Amino acid sequence: MPETDKLQQGALTAGQHQLARRIEMLEQLAELRENGLLSEEAVEGLKQRVLEDEF
Amino acid sequence: MLGIRLPGIGISTRGVRVGPRMANVRVGSGGVRASVGPRFARASVGSRGVTVGSGIGPVRVSNRGVQLSGGIGPVRASTGTSGASARLGLGPFWLGTSGRKGRYRSSASRASSQSRTSKVRNLYGDSRARPDAANSYSDHRAGLAAAGVQRRNKFEIHDAAMQAWLMDLAPLVDLARPYPKAQKPAVPALPNKHEIRKSAVTDLRDADGLSWWPPRRTKTIMDRVAEIRGELRFESAVLKALVDEAFARFEDLDPAMNLIVLQASFADNAGTAAPIDLDGDHLLVLMSYPSVDDAVWPEVGVFENDRFTVKKRTKKQTVEYYQRNLMCHAAATAKEAFCVQPRLGTVSVVVVPERPGERLADLPVILGARFQREETLRAATLPDTSWVQTWDSGLETWDSPDDNDYDNSGGFAEGFMEGFSGVSQQGPDPRQAAWESRTGAAARAVSNFLAHSSGIHKTANDTLNELDDTWMFRISNKTGFKPVGVLGDLVPADDLDAADGNPSTEGVASPIDTPAHSPEAVYDCLFWTEALEMAEAWINEQTDSDDSRTGGTQPAPESPDSFWDPFVERLKRL
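Just so you know, these numbers come straight off a predicted model, no measurement behind them. (Residues numbered from 1 in each chain as written. Chains lettered and ligands numbered in written order. Predicted model: local features only at pLDDT ≥ 70, side-chain atom pairs only at ≥ 80, totals over all residues.)

Trainee: Any chance you could explain the overall build of chain B here in plain terms?
Mentor: Along the backbone of chain B there are 22 helices and 17 strands. Taking all 574 residues of chain B together, the buried fraction comes to 44%. Sequence-distant contacts, at least 24 apart, represent 77% of the contacts inside chain B between residues at least 6 apart. (Helix = DSSP H or I, 4+ residues; strand = E, 2+ residues; numbered from the N terminus. Buried ≥ 20, exposed ≤ 12 C-beta atoms within 10 Å, placed from the backbone. Contact = placed C-beta atoms within 7 Å.)

Trainee: Help me out: how do you make sense of the interface of chain B and chain A in this one?
Mentor: One widely used convention gives an interface's size as the accessible area the parts lose upon coming together. Listed by partner, the interface residues are 15 residues for chain B and 13 residues for chain A. Counting residues per element, the ones that place at least two in the side of chain B that touches chain A are α3 (82–88), α10 (214–251) and α21 (525–550) of chain B. If one sorts the elements of the side of chain B that touches chain A by residue count, α10 of chain B sits on top with eight residues.

Trainee: What am I meant to see in the packing of helix α2 (residues 40–51) of chain A against α10 of chain B here?
Mentor: Helix-helix packing: each pair is described by the crossing angle between the helix axes and the interaxial distance. Running from amino to carboxyl end, α2 of chain A crosses α10 of chain B at an angle of 165 degrees, the nearest separation of the two axes being 11 Å. Between α2 of chain A and α10 of chain B, the angle is such that the two are roughly antiparallel. Helix-helix and strand crossings are classified by hand; for α2 of chain A and α10 of chain B the assignment is right-handed. Across the interface between the two elements, Ala42, Leu46 and Arg49 of chain A from α2 of chain A touch Ala237, Val238, Ala241 and Glu245 of chain B from α10 of chain B. Taken together, the residues of the contact of α2 of chain A with α10 of chain B sort by class into five nonpolar, no polar and two charged. (Axes fitted to C-alpha atoms, helices over the stretch in contact; angles between N-to-C directions. Parallel < 35°, antiparallel > 145°, perpendicular 65-115°, else oblique. Left-handed = near helix turned anticlockwise from the far one by under 90°. Nonpolar A, V, L, I, M, F, W, Y, C, P; charged D, E, K, R; others polar.)

Trainee: What should I look at first to understand the pairing of strand β10 (residues 307–312) of chain B in this one?
Mentor: Moving residue by residue along a regular strand, the side chains alternate between the two faces of the sheet. Residue and element names in this part refer to chain B. Sheet topology note: the strand β9 (residues 299–304)/β10 ladder contains six bridges and is antiparallel. Looking across to β10, one finds that Val302 is bridged to Thr309. Here β9 hands over to β10 after two residues, with Asn305 in that stretch at a positive phi of 55 degrees. (Pairing = 2+ DSSP bridges.)

Trainee: Mind showing me how you'd approach the sheet that holds strand β11 (residues 346–353) of chain B here?
Mentor: As a general point, the strands of a sheet are linked pairwise by backbone hydrogen bonds and lie either parallel or antiparallel. Residue and element names in this part refer to chain B. The strand order across the open sheet formed by five strands is β7-β8-β11-β13-β14, and the pairing between neighbours is mixed. Two strands bound the open sheet, and with one partner strand each, they are β7 (272–279) and β14 (471–472). Where β7 meets strand β8 (residues 282–289), seven bridges bridge the pair, whose relative direction is antiparallel. Its bridge partner being in β8, Ala273 is matched across the sheet by Met287.

Trainee: Got a minute to help me understand the nonpolar core in this structure?
Mentor: Note that soluble globular proteins tend to have their nonpolar side chains buried in a common cluster. All names here are of chain B. One finds Val261, Val285, Ala330, Val351, Leu487 and Ala531 to be the most contacted residues of the largest nonpolar core, which totals 126 residues. Of all the elements, helix α13 (residues 315–340) adds the most residues to this core, at 13 residues. In terms of domain composition, this core takes at least three residues from each of domain 1 (4–384 + 452–573) and domain 2 (385–451). When neighbours within four sequence positions are excluded, Val351 is seen to be in contact with Met287, Tyr289, Leu326, Ala330, Val365, Ile366 and Leu367. (Core = buried A, V, L, I, M, F, W, Y, C linked by C-beta atoms within 7 Å. Domains from an automatic or database assignment.)

Trainee: Looking at this structure, I do not really get the packing of α13 of chain B against helix α14 (residues 373–380) of chain B. What am I missing?
Mentor: Residue and element names in this part refer to chain B. Relative orientation of the contacting elements α13 and α14 amounts to 115 degrees, with a least axis distance of 10 Å. With respect to each other, α13 and α14 are oriented roughly perpendicular. Crossing of α13 against α14: the hand is left-handed. Contacts between α13 and α14 involve Ala331, Ala334, Lys335 and Phe338 from the first element and Arg373, Thr376, Leu377 and Ala380 from the second. Residues belonging to the contact of α13 with α14 are distributed by class as follows: five nonpolar, one polar and two charged.

Trainee: Can you walk me through α13 of chain B in this structure?
Mentor: The periodicity of an α-helix, 3.6 residues per turn, causes residues three or four places apart in sequence to face the same way. When the terminal C-alpha atoms of α13 of chain B are compared, their 37 Å separation across 26 residues agrees well with the 38 Å that a helix rising 1.5 Å per residue should span. The element α13 of chain B is largely enclosed, with a buried count of 21 among its 26 residues. (Expected span 1.5 Å × (residues − 1).)

Trainee: Any chance you could explain helix α7 (residues 137–146) of chain B here in plain terms?
Mentor: Counting buried residues in α7 of chain B gives zero out of 10 residues, a small share hidden from the surface. Looking one or two residues past α7 of chain B, Gly148 of chain B carries a phi angle of roughly 80 degrees, positive in sign.

Trainee: When you look at unusual backbone geometry in this model, what are you seeing that I'm missing?
Mentor: Note on backbone geometry: most residues besides glycine have negative phi, and most peptide bonds are trans. Unusually for a residue other than glycine, Asp53 of chain A sits at a positive phi of about 60 degrees. Positionally, Asp53 of chain A belongs in the segment after α2. Even without being a glycine, Asp208 of chain B presents a positive backbone phi close to 55 degrees. You can call Asp208 of chain B exposed: it has 6 C-beta atoms within 10 Å.

Trainee: Mind showing me how you'd approach the environment of Val446 of chain B here?
Mentor: Residue and element names in this part refer to chain B. Counting through the fold element by element, Val446 comes out in helix α17 (residues 430–450). You can call Val446 buried: it has 23 C-beta atoms within 10 Å. For Val446 and Leu166, which are 280 residues apart along the polypeptide, the C-alpha to C-alpha distance reads 9.7 Å. Setting aside residues no more than four positions away along its own chain, Val446 makes contact with Phe303 and Gly394.

Trainee: What am I meant to see in the environment of Ala274 of chain B here?
Mentor: Among the secondary structure elements, Ala274 of chain B is positioned in strand β7. The spacing of Ala274 of chain B and Met167 of chain B is 107 residues in sequence and 22 Å in space, taken between C-alpha atoms.

Trainee: Mind showing me how you'd approach the confidence of the model for chain B here?
Mentor: Fine structural detail should not be taken from predicted coordinates in areas where pLDDT scores are low. All names here are of chain B. For chain B, the average pLDDT comes to 69, and 65% of its residues sit at 70 or higher. Ranking the elements of chain B by mean pLDDT puts helix α2 (residues 32–36) last, at 21, and α14 first, at 96. Note on residues 403–425: pLDDT under 50 across the span, and 27 contacts to partners over four residues away in sequence or across chains. Taken together, the stretch residues 501–515 has pLDDT below 50 and engages in 48 contacts with residues farther than four places along the chain or on a different chain. Reported confidence for the predicted complex is 0.86 by ipTM and 0.73 by pTM. (pLDDT = per-residue confidence, 0-100.)

Below is the structure:
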């Protein structure tokens, strides 16, 4: 495989991994909300921070 | 003033009088007792006194702290919110080592460390006296007899005298000392980059993901470091949000959260106290107390010329001290609650004797007290608190670790006694020097403390005698107090019976280690997240239960006056 393809593949994998992590974080927040442990407002604030790639 | 006279303290019998305010309380038509009772509580009396189960399965609040049962591990428990527990339950790894291990001991470690603590520590907990059958005078005497001691030597007499002195003073100190307000704990800082890098390398090595080629290896590690840092920041943010939520509920007088926090605060109290209901700003505390013989040392510790000695206490004095101590403990419990939760307006304390196995509703109430915030704090607050340090350091000295230098031979005292049991010593024994040193230091602390004792006595006197419409009791010359009524008069007997037969309250005599076993736990952010989970599960369970019984309607808060109506009416008739 050419070097550029390798780099693209690596970047794609990293991007997928990052996306998976964000989804996992959002799922955790959803569970916390569902369990009543966090308010809607608190979850929304954390969700925005996840979407803005703060973590 | 009518009343009992003690050295420096008088207990008036006005507690049995019914003041104007109580005389004018309205009689609720809607079944006061049915609704004011422990909406959240499931009380029972076990071998260790009053326990209160939440009725939600694995979680309960007992007089020994919040307890969790059922294979849920020594540190953290799921309360049914399995998703949150599973993911967040492990906690940030940077709290997993030093943070938890240091504070939360397993049952096994507790058992082993218990044996290393001296009798004084067992008696007084964290510098606060706990009358306990296990440490009663009769046990002390039996222990001496078992050791073949016919007559106490001067060291044993000195120790007994100091113990008696401490037991007499401790209830007054408990009442006069300040208690901290609950504070929202800060979320601990993230670990530094070196720790994160180390963790990243370990992760990658375990996963066989480390390349031998340096540039790729470095990049892989850096990527993993960034990932871990992101995860930690997320966990930290979630943790902060959970603590914020938990503390907000506490501040808003959420009953479940407040009962859990207050139970943790009471965990080291002298009287076994369980907060069982919060109705508006009215807290109801159920307290169990040992009998006269178990609660009062029948000797008086006399401090003269920097030395302690004992003198006999008469039966009458013993009973009077018992009355004073119990009232001080009840008032101290209320004071602590007021201090921990500044929004509490009234604290009612219901005291029952320690009678395991007896039907709860039939338990006699030996003392009732309804404390109002302002007047209680006014009477029970001593502006000068410099003596607290003196008291605590004195206890610390008395309970100094050199007791444990002789653990293999049964502790300092036993080892020391062995050395002086008639066998002539060649030269000065280092154990005597250690004993003298400890005793001398304790004596200096006692001398310093005595300079403040008048203020402490005044605080107790004011609290016991100057609070209007607070106390409900009948004096007995033998047992200290005659019953005012039974617990079933105040709390619905059906609820008590149901709690008594609740399997979830079994095993409370074997507490599993949880953060709430020490008041120190409330300074830990993980305590608050766990309390939040428990409170949420508790509320859900209670809501389901209420829905099935009442169609989802919540009874309106009842006044504290209404709660005490049955006793007030009875005392008025007497």
